[in-house]
Amino acid sequence: MKYAIISDIHSNLEALEACLQVIDAEKVDAIVCLGDIVGYGANPNECVDLVRARADHVVVGNHDCAAIGTTDTDYFNPDARAAVDWTRAALTAENLAYLRDLRTTLQVEGALLVHSSPSAPRDWLYIFNLREAVQEFRSFTQRICFVGHSHFPGFFIERGQEYAQKAPPSVVVGPGERAIVNVGSVGQPRDGDARAAFAFYDDARGRAEIKRVFYDVERVRSRILAEAALPKSAAERLVWGV
Ligand code: ZN
C-alpha cells in the first residue's frame, strides 16, 4: 500500500490543494491526515471540507481541539489564541461536529498515527531530538509511528538498542528497524523552507519520503491579512517558512 500523510494544514487552502495535486499524480491507496487542520489561516471550513472529502484516516490535533474547546489554550501564545477564537467563530456547525468526532490515535496496518507523541497523545508533547524520540519508542509497538505537531519533517530510527536521527528527504525502514516519521507541515512550515511539506509511505518497501511543494504563499498571506482578527504573524511567517 502506498500512503500520503499530511499534517498541520492550519487552514491554508492553497498549500493543501497544491499537496493534493502532487498526491493525486502519485496514485496513492490512502490519504492520512495527522491533525491541526485548522488554526492560523483564513480558510478553516474549506480545509476541513477537503480533508473530510479526501482523507481516509484522520486524527485530531491540538489546534483542532482548541477550536472545539476540548483542550486547554493557556499554553498557546497570544497569536495562536487569537486565531483559535476567530476559527471557532468561523467554523460551521457541521465542521465543528466533524472535528469533535476525530480520534486522538489510530492504527492503520502496521502504523500508529498520532498528532503529537505516542507516549501522551493528549499532552501535545513535541519530539524535536533523538533523546525525546528514544523515550517515545518505548510507548508504541508498531513498526512505524507518524507524527506532525513540531512542523519539522524528519526521521528517527530504532535498530535494537541503537538510535539515529535522519534528515529528509527519505529513509528505508529495514528489517528489525522501527521509525518515528515527522511528516512536517502542509500549511505552516517552520524549518526555514517555505514550501508545503508532507510524506509518502510505501509499506511494502518500508520507504518514507518527505515531499516539498511550492504554493501561492502571497495569496494566502494577503487573505490572512484581510481578516483583521487573525494575527499578522500567521501571514508573515509563511513567507520565510518559520
Ligand atoms: Zn500544528
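My aim in this report is to walk through the structure given alongside it, one point at a time. Keep in mind that this is a model prediction, so the values were computed, not measured.

About the cut-offs
Residues numbered from 1 in each chain as written. Predicted model: local features only at pLDDT ≥ 70, side-chain atom pairs only at ≥ 80, totals over all residues. Heavy atoms only, no water. Donors = N, O, S within 2.8 Å, 3.2 Å for Na, K, Ca; no water. Tetrahedral: all angles 85-135°; square planar, octahedral: opposite > 155°, others 65-115°. Buried < 20%, exposed > 50% of the residue type's maximum accessible area, 1.4 Å probe, protein only. Pairing = 2+ DSSP bridges. Helix = DSSP H or I, 4+ residues; strand = E, 2+ residues; numbered from the N terminus. 1 Å grid on protein atoms, 1.4 Å probe; cavity = no way out; pocket = protein on both sides within 12 Å on 5 of 7 lines; lining within 4 Å. Points joined across faces, edges and corners; volume = space filled by probe spheres on them. Nonpolar A, V, L, I, M, F, W, Y, C, P; charged D, E, K, R; others polar. Salt bridge = Lys/Arg side-chain N within 4 Å of Asp/Glu carboxyl O. Disulfide = S-S within 2.5 Å. Axes fitted to C-alpha atoms, helices over the stretch in contact; angles between N-to-C directions. Parallel < 35°, antiparallel > 145°, perpendicular 65-115°, else oblique. Contact = heavy atoms within 4.5 Å.

Digging into the coordination of the zinc ion
Protein coordination at the zinc ion: the donors are Asp8 (OD), His10 (NE2), Asp36 (OD) and His151 (NE2), at 2.0 to 2.4 Å from the metal. In this structure, the zinc ion is surrounded by four donor atoms whose angles at the metal cover 86 to 175°, and the resulting shape is irregular. One chain supplies every donor for the zinc ion, spaced along it as D-x1-H-x25-D-x114-H. By relative accessible area, which is 0% here, Asp8 ends up buried. A residue is classified by how much of its surface remains accessible, and His10, at 1% relative accessible area, is buried.

Regarding the sheet that holds strand S3 (residues 57-58)
Taken together, the six strands give an open sheet; going across it, the order is S3-S2-S1-S11-S12-S9, and neighbouring strands pair in mixed fashion. At either end of the open sheet lies a strand with only one pairing partner, and these are S3 and strand S9 (170-172). Here strand S1 (residues 2-6) runs beside strand S2 (residues 30-33); their pairing, made up of four bridges, is parallel. When the bridges of S2 are listed, Ala4 appears paired with Ile31.

Observations concerning the layout of surface pockets
For the largest pocket, the calculated volume is near 150 Å³. Taken together, 13 residues line the largest pocket, and the ones lying closest to its centre are Tyr40, Asn62, His63, Tyr126 and Arg190. Residues of the lining of the largest pocket, tallied by class, amount to five nonpolar, six polar and two charged.

Quick notes on the pattern of salt bridges
As enumerated under the stated definition, the model contains 14 salt bridges in all. Linking Glu158 and Arg178 is a salt bridge whose minimum nitrogen-to-oxygen distance equals 2.8 Å. Placement of the pair is Glu158 in strand S7 (residues 154-159) and Arg178 in strand S10 (residues 177-182), with a sequence separation of 20 residues. Just as Glu158 is buried, Arg178 falls in that class too. The salt bridge involving Arg207 is made with Glu209; its shortest N-O contact spans 3.3 Å. When salt bridges that share partners are traced, they join Asp191, Asp193, Arg195 and Arg212 into one network.

Here's the deal with the state of the cysteines
Enumeration according to the criterion identifies zero disulfides in this entry. Free of any disulfide, Cys47 has its nearest neighbouring cysteine sulfur in Cys33, separated by 9.7 Å. Note on Cys47: relative accessible area 0%, which makes it buried. Of the cysteine sulfurs around Cys145, a residue in no disulfide, the closest is that of Cys33, at 15 Å.

What to know about the pairing of S10
Of all six residues making up S10, six are buried, and the element is well covered by its neighbours. Residues of S10 alternate between two faces, with Glu177, Ala179 and Val181 on one and Arg178, Ile180 and Asn182 on the opposite face, all of them buried. Pairing between strand S6 (residues 144-147) and S10: four bridges, direction parallel. Looking at the pairing, Val147 lines up with Asn182 of S10. Note: S7 against S10, six bridges, orientation antiparallel. Along S10, the bridge assignment pairs Arg159 with Glu177.

Observations concerning the packing of helix H7 (residues 217-225) against helix H8 (residues 232-240)
Between H7 and H8, whose axes approach to 8 Å, the crossing angle comes to 170°. Classified by the angle their axes make, H7 and H8 are roughly antiparallel. Across the interface between the two elements, Val217, Val220, Arg221, Ile224 and Leu225 of H7 pack against Lys232, Ala234, Ala235, Glu236, Leu238 and Val239 of H8. Here the residues of the contact of H7 with H8 are counted per class, giving eight nonpolar, no polar and three charged.

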